[in-house]
Amino acid sequence: LADDDGAIVGCVGVAIDTTTPRRRERDLREAQERLSALAENVPLTVYTATLDRNPRPRYISGRVEELLGVPAHAFTFDHLRAAVHPDDRERVIAAMDRADREGLPLKIEYRIVDRQGRTRWVEDSSEIVSIAGERLAQGYLLDIDDRKATEEVLHQRVTTRRRLAEVGRRALGG
């Protein structure tokens, strides 16, 4: 500040406490890191995708490379559609197209053929969410090959037991 003669007689200072905004930024960064670590470490592929004519991933976890052989940064849903087993393709693509077109949740099991030529079962599930005013699909792809193999073994055992029971009834004249 200056007096009428221009001599400096004081000063004005402004102090802004930035502790709270910095703490919020740190907390947000830590929350994002925890969520990212969770998404990358659960035993499934998680994704968020647009719901337009050509759905694009907004986020897909790195597990997609383990499942399909495609790195997350290069993944498109064309990779997933191309990996669907030929015997399941018509049914699965129709369900995917309908869910995308009508903005519906999806839960479907089907086989894929990965880049090494192995056939595996997956569960594909998604829900519609609104984030910042945009409707998106959030979901997961889960390798259920072990479960399907166990179901097949159990089915074979039940079938064998039924056949043995029928043979026993016939042998006893019933």
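Preceding this paragraph is the structure being described.
The following paragraphs examine the structure supplied in this document. The structure presented is a predicted model; accordingly, all values stated were derived computationally and were not measured. (Residues numbered from 1 in each chain as written. Predicted model: local features only at pLDDT ≥ 70, side-chain atom pairs only at ≥ 80, totals over all residues. Heavy atoms only, no water.)

## With respect to the overall build of the chain
A tally of helices and strands in the chain yields five helices and five strands. For 174 residues, the compact-globule formula gives about 16 Å, and the C-alpha radius of gyration of the chain, at 29 Å, lies well above that figure. Based on the C-alpha atoms only, the size of the chain along its principal axes is roughly 125 × 35 × 30 Å. Classification of the 174 residues of the chain by burial places 27% in the buried group. For the chain, the accessible area works out to roughly 12200 Å², and carbon and sulfur atoms hold 52% of it. A distance of 10 Å separates the average location of the 29 positive side-chain charges in the chain from that of its 31 negative side-chain charges. (Helix = DSSP H or I, 4+ residues; strand = E, 2+ residues; numbered from the N terminus. Rg over C-alpha atoms; globule rule 2.2 N^0.38 Å. Buried < 20%, exposed > 50% of the residue type's maximum accessible area, 1.4 Å probe, protein only. Areas by Shrake-Rupley, 256 points an atom, 1.4 Å probe, with all protein chains shown as cover. Lys, Arg positive; Asp, Glu negative; His and termini not counted. Charge placed at Lys NZ, Arg CZ, Asp CG, Glu CD.)

## Quick word on unusual backbone geometry
In the Ramachandran plot, alanine 132 falls in the positive-phi region, its phi being about 50° despite a non-glycine side chain. Tracing the backbone through its elements, the reader meets alanine 132 in the loop between strand S4 (119–131) and strand S5 (134–143). Residue classification places alanine 132 among the exposed positions, given a relative accessible area of 83%.

## So, the pattern of salt bridges
Following the criterion strictly, the structure yields 16 salt bridges and no others. Between arginine 147 and glutamate 109 there is a salt bridge, with its nearest N and O atoms 2.4 Å apart. In this pair, arginine 147 is assigned in helix H5 (residues 145–171) and glutamate 109 in strand S3 (residues 106–113), connecting sequence segments 38 residues apart. Residue classification places glutamate 109 among the partly exposed positions, given a relative accessible area of 26%. A salt bridge links glutamate 123 to arginine 147, with the shortest nitrogen-to-oxygen separation between them at 3.8 Å. Pair noted here: glutamate 123 is in strand S4 and arginine 147 is in helix H5, with a separation of 24 residues, a long-range link. A residue is classified by how much of its surface remains accessible, and arginine 147, at 33% relative accessible area, is partly exposed. Through salt bridges with shared partners, a single ionic network connects Lys107, Glu109, Glu123 and Arg147. (Salt bridge = Lys/Arg side-chain N within 4 Å of Asp/Glu carboxyl O.)

## Focus: the nonpolar core
Counting 22 residues, the largest nonpolar core has Leu68, Phe75, Leu80, Met96, Tyr110 and Ile112 as its most contacted members. Put simply, the parts of the chain that give this core at least two residues each are strand S1 (45–50), helix H2 (63–68), helix H3 (77–83), helix H4 (86–102) and S3. (Core = buried A, V, L, I, M, F, W, Y, C linked by side-chain atoms within 4.5 Å.)

## What to know about H4
Relative to the 24 Å expected for 17 residues at 1.5 Å per residue, H4 spans 25 Å between its end C-alpha atoms, a close match to the ideal helical length. By the burial criterion, the buried members of H4 are Asp88, Val92, Ile93, Met96 and Ala99. In the segment just after H4, glycine 103 is the residue with positive phi, at about 65°. (Expected span 1.5 Å × (residues − 1).)

## Quick word on H5
A rise of 1.5 Å per residue sets the reference length of H5, with its 27 residues, at 39 Å; its end C-alpha atoms lie 39 Å apart and thus fit the reference within 8%. Once H5 finishes, glycine 173 follows within two positions and takes phi at roughly 85°, a positive value.

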